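Here's the letter readout for the chains.
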Amino acid sequence: MRVGVVGLRMGFHLAGWCRKVGMEVVAACDRDPERRAVARARFPGAVLVERWQELLEHRLDGVVLANDFDEHAPLAIAFLDRGVHVLSESAACVDAAEGERLIAAADRSSATYSFAEHYVVHPHVRLRRSRPGGWAGSA
């Protein structure tokens, strides 16, 4: 599977997991030229770009979105519309309308959309859930 990565902070970590399970990281995107330079060494031969739109022109099977969380939905929709599988690393939508557009894109796409938010495993969330009354006692 040929994957691209958008956002090379957490994206480096997720790209490493992609490689561990046999995926080929063939493209990466980040606005920061220093992070792109680091990626050049980590992913020899990968296409490195500043603007995510440039990845739309590459033959990708999947893309990992690890950029700013409030920018995921438009990117996910664009990739889904091209039949590219999408993994959003964190919250994807800024409002309900954006969420509805993302769901519609996933429904009409031949590709899959996956949401990998891990917030629920943070220690402070688990502690709150384990207290008597759990979330029900929240105001």
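The sections below set out a description of the structure shown in this document. On a predicted model such as this, the values are computed, not experimentally measured, just so you know.

### Topic: helix 3 (residues 72-81)
Counting buried residues in helix 3 gives 8 out of 10 residues, a clear majority hidden from the surface. Those residues of helix 3 not exposed but buried are His72, Ala73, Leu75, Ala76, Ile77, Ala78, Phe79 and Leu80. Positive backbone phi, at 80°, marks Gly83, one or two positions downstream of helix 3.

### Concerning helix 4 (residues 96-108)
Helix length check: helix 4 (13 residues) gives 18 Å between terminal C-alpha atoms against 18 Å at 1.5 Å per residue, within 8%. Turning to helix 4, its buried residues are Glu98, Gly99, Leu102 and Ala105. Down the axis, helix 4 shows its buried residues gathered within 125° of arc, on one side only. The exposed set on the far side of helix 4, more than 90 degrees from its buried face, consists of Ala96, Glu100, Ile103, Asp107 and Arg108. In this fold, the buried residues of helix 4 make contact with helix 3 and strand 6 (113-115). Where helix 4 begins, the side chain of Asp95 points an oxygen toward the backbone nitrogen of Ala97, at a separation of 3.3 Å.

### Structural notes on the environment of Glu98
Of note, Glu98 is situated in helix 4. The class of Glu98 is buried, set by a relative accessible area of 10%. Spatially, the C-alpha atom of Glu98 lies 9.9 Å from that of Ile77, the residues being 21 residues apart in sequence. Discounting residues that sit within four places of it in the chain, Glu98 has contacts with Ala73, Pro74, Ala92 and Cys93.

### Considerations on the pattern of salt bridges
This structure, assessed with the given rule, holds 5 salt bridges. With a shortest N-O distance of 3.5 Å, Asp68 and Arg31 are connected by a salt bridge. Here Asp68, found in the loop between strand 4 (62-65) and helix 3, pairs with Arg31, found in the loop between strand 2 (24-29) and helix 2 (33-42); they are 37 residues apart in sequence, far enough to count as distant. On the accessibility criterion, Asp68 (39% relative accessible area) is partly exposed. A salt bridge links Arg35 to Asp32, with the nearest nitrogen and oxygen atoms 3.6 Å apart. Within the structure, one salt-bridge network assembled from shared partners comprises Asp30, Asp32 and Arg35.

Conventions we followed
- Residues numbered from 1 in each chain as written.
- Predicted model: local features only at pLDDT ≥ 70, side-chain atom pairs only at ≥ 80, totals over all residues.
- Heavy atoms only, no water.
- Buried < 20%, exposed > 50% of the residue type's maximum accessible area, 1.4 Å probe, protein only.
- Helix = DSSP H or I, 4+ residues; strand = E, 2+ residues; numbered from the N terminus.
- Expected span 1.5 Å × (residues − 1).
- Arc of directions from axis to C-beta.
- Contact = heavy atoms within 4.5 Å.
- Polar contact = N/O pair within 3.5 Å; in protein donor to acceptor, adjacent residues only side chain to side chain.
- Salt bridge = Lys/Arg side-chain N within 4 Å of Asp/Glu carboxyl O.

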